[in-house]
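Chain residues, written in single-letter form:
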Amino acid sequence: MSQSNTPTGLNRRLFIGAAAAASLAGGLAVPKSAEADPPSGKSKGRKPMRPAPALAAEAPVTPPPLAALVLNKAAYGPRPGDIEAFNALGASESERLDAWLFDQLNPSTSDPEVDNRLDGLLTSEVIEDQLAFDTIDKSQEQLWIEHARSEDYAIRNRPVWQMERLTLLRAAYSQWQLREVLYDFWFNHFNVYGREFPTSAMTPEYDRVLRQYIFGNFGDMLKANARTASMLYYLDNYANTWPNPNENYAREVLELHTLGAVSNYFGAIDPAAVGNNSMGQRAGYTEIDVFEFAKALTGWGVSDTTDDSPDTGAFIFRPGRHYDDWQEASIKVMDIELTASNGTNDVDDILDYLAGHYGTAEFIAWKLCTRLIGDNPPQEIVDSTALEFFNRRNDADQLKAVYSHILKSSAFQTTWGKKVARPVETLVRGWRASGVDLTMRIDHSASNGIWGRLDDTGHYPFGYAPPTGFPDERAFWQGTGPLIMSWRALTYMLRHNQIVNQAAQTNDHYTDPTDRTAVNIVSWWTDRALGYGLPAAVSGRIVDYVVEILMQREPAYNGDYANDPFDAIGIDTTPVTNADGTANNSHYQRIVRGLVGLILMSPEAMRR
């Protein structure tokens, strides 16, 4: 940056406005429209489940070094030391990625930092945080009896409140970062709304079921999920009885959980007219298949006193409410024909078939590639991932192999900027980058303040009511509303000296006061927060922001505001900013806090 004593006119508000404009008009382009491309082939005339917005043309974005790319796309961003640790894993990029993946794909049961933060908060032993996480290890039956059936609002909702905070805590501090990213993916794939009965009370159980199968077999995950009280109630399958079947869950399993609602859906036609796919399976499903599947699901429910069942919240099958208990007839769903009732095995046979269908492999491959690589991923990687998913459909570690296939691909390693950080990701990436020390929990002032602002973004764990889960496409999150509310949440967190002190961390790095210059501090925090450098024009604007503040306090200084030490900028040896002052409201603290916030909220930092 060139030396200048002339005020630039760039203040913090103008910088944020410029950043928003840049994110919307430049590297993070807004959609021209929300219309999908015209359908073709057998999909012609049918609307997709959620149209992919058409984005404006944009200039290519150069990917950062592999360490930063991996930690920002397959993790929640780097913490101090993570880039160096990744680069120490091998002599080449491929060796480093292989080593990191092997570790992340084989997590141990322990998670040291998360476990240590929870220690003492699982019971009422710590008075100031009583019962902060007392529900997360409760059994399914305990959650149902003690919370789902409680008439007290706070007791009934305490499990979901605790799980909301724990989910953020894991994202921020877990050693197993890939697992946390994938957990977010699978929860949204099997979305339930956390603020309604009985999910508000049963969230810890739902969380455990998903986590059990994240690195396992998709079919096992699908069947276990179908039996949870949360899913049974959320999609009304607990009330699916003959002769009044409820097709809600059957439809969503086909449209959302397995085959998808576009390529493999043939509408209201004769199933015999559908034909086969390249694997010799029926190519897709029709409205008749939805109804037949709903028939097979009749009798599934929750042990909730109905039909004199015990009030435990456990999965139950009621033969007297099943279709075959009323009339002898076959049930045919695509290639599966059931000629006699076998209780829950009827449905398990159908779910196994759907989990092993090539259409399911294609749909989930597309979703995973969209999440881990970018919107509109190359068709080649989607196709090869689908084949990997399909060929390993009977393997116990099927999903582990699929993730490895995606993350080792050139598409993953060379694609950058095709996604934008959603509010939770913006917050947690800033949390990790800035060294925040916070055990997020309920009944805690700093935690509640941050949570309240995250709530304002409309993006928080378990907070999406539709069964599609939170949108993953970039265009849904890069408007001014999500960006500004994300910035508010991040700024609120960075202002708390009791959980993060950016000035003190800066001085721990620059122990020599003569090194504490605007240019040095901006450069160091950029590398630390992002793992890669910002374009000179962007970093220069952040330095300009610091310079303007200094010039406003001492306009008569004749030196170099950008490159002189903070303690040297002043008149008669009296600095306008004491760089040893790291208290919450010190001038130095406010400057460092402001520049860290601008780095974390720059358009470049919002990419992944």
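Everything discussed here concerns the structure shown above.
For clarity, every value in this text was computed on a predicted model and none was experimentally measured.

A separate point is helix α23 (residues 518-530). Taking 1.5 Å as the rise per residue, α23 with 13 residues should run 18 Å; its terminal C-alpha atoms sit 18 Å apart, in good agreement. The set of residues buried in α23 consists of Ala-518, Ile-521, Val-522, Trp-524, Trp-525, Thr-526, Arg-528, Ala-529 and Leu-530. On the buried face of α23, the contacting elements are α2 (66-73), α19 (423-433), α22 (502-509), α24 (536-553) and α25 (587-600). Taken from the residues just after α23, Gly-531 is the one with a positive phi, measuring 85 degrees.

This part takes up the packing of aromatic side chains. Overall, the coordinates contain 30 aromatic pairs when judged by the stated rule. Ring centres 4.7 Å apart and planes at 70 degrees place the aromatic pair Trp-300 and Phe-315 in the edge-to-face group. In this pair, Trp-300 sits in strand β3 (residues 300-304) while Phe-315 sits in strand β4 (residues 311-317), placing the two residues 15 residues apart along the sequence. Relative accessible area serves as the criterion here: at 0%, Trp-300 is assigned to the buried category. Between the aromatic rings of Trp-524 and Trp-525, the centroid separation amounts to 5.1 Å while the plane-to-plane angle is 70 degrees, which identifies the pairing as edge-to-face. Of the aromatic side chains, those joined through ring pairs into one cluster are Phe-185, Trp-186, Phe-190, Phe-218 and Phe-389. The side chain of Arg-117 reaches across the aromatic face of Tyr-173, ending 3.8 Å from its centre.

Another aspect to go through is the nonpolar core. Ranked by internal contacts, the top residues of the largest apolar core, which has 175 residues, are Trp-186, Phe-293, Trp-431 and Leu-595. Looking at which element gives the most residues to this core, the answer is α24, with nine residues. Setting aside residues up to four positions removed in sequence, Phe-293 forms contacts with Ala-250, Val-253, Leu-254, Val-333, Val-347, Ile-350, Leu-351 and Leu-354.

Right, let's talk about the environment of Arg-79 for a bit. Turning to its location among the elements, Arg-79 is positioned in the loop between α2 and α3 (82-87). Owing to a relative accessible area of 23%, Arg-79 belongs among the partly exposed residues under this scheme. A sequence separation of 351 residues divides Arg-79 from Gly-430, and the C-alpha atoms of the two residues are 9.3 Å apart. Residues contacting Arg-79, with those up to four places away along its chain left out, are Glu-113, Ala-172, Tyr-173 and Arg-432. Engagement of the side chain of Arg-79 in a polar contact is seen with the side chain of Glu-113, the distance being 2.8 Å.

Attention shifts here to the pairing of β4. In this structure, β3 lies alongside β4, joined through four bridges in antiparallel fashion. Across the sheet, the residue bridging to Trp-300 is Phe-317, located in β4. Linking two consecutive strands that pair antiparallel, namely β3 and β4, is a turn of six residues; a positive phi of about 85 degrees is found at Thr-305 within it.

We now examine the side chain of Thr-517. Assignment of secondary structure puts Thr-517 in the loop between α22 and α23. Look at Thr-517 and you get buried, because its relative accessible area is 3%. Sequence-distant contacts of Thr-517, that is, excluding residues within four places in its chain, are made with Ala-562, Asn-563, Asp-564, Pro-565 and Phe-566.

To continue, consider unusual backbone geometry. The peptide bond linking Phe-197 to Pro-198 adopts the cis configuration, its omega dihedral lying at -5 degrees. Inspection of the secondary structure puts Pro-198 in the loop between α8 (177-189) and α9 (199-213). Cis geometry marks the peptide bond from Trp-242 to Pro-243, where omega comes out at 15 degrees. Of note in the backbone geometry, Met-334 takes a positive phi value of approximately 55 degrees without being a glycine. Summarising the element assignment, Met-334 is placed in the loop between β5 (331-333) and β6 (336-338). Exposure remark for Met-334: the relative accessible area of 0% places this residue in the buried category.

Parameters and conventions
Residues numbered from 1 in each chain as written. Predicted model: local features only at pLDDT ≥ 70, side-chain atom pairs only at ≥ 80, totals over all residues. Heavy atoms only, no water. Helix = DSSP H or I, 4+ residues; strand = E, 2+ residues; numbered from the N terminus. Expected span 1.5 Å × (residues − 1). Buried < 20%, exposed > 50% of the residue type's maximum accessible area, 1.4 Å probe, protein only. Contact = heavy atoms within 4.5 Å. Phe/Tyr/Trp six-rings, centres within 6.5 Å; stacked < 30°, edge-to-face > 60°. Lys NZ or Arg CZ within 6 Å of the ring centre and 35° of its normal. Core = buried A, V, L, I, M, F, W, Y, C linked by side-chain atoms within 4.5 Å. Polar contact = N/O pair within 3.5 Å; in protein donor to acceptor, adjacent residues only side chain to side chain. Pairing = 2+ DSSP bridges.

Nothing here speaks to function; it is all geometry.
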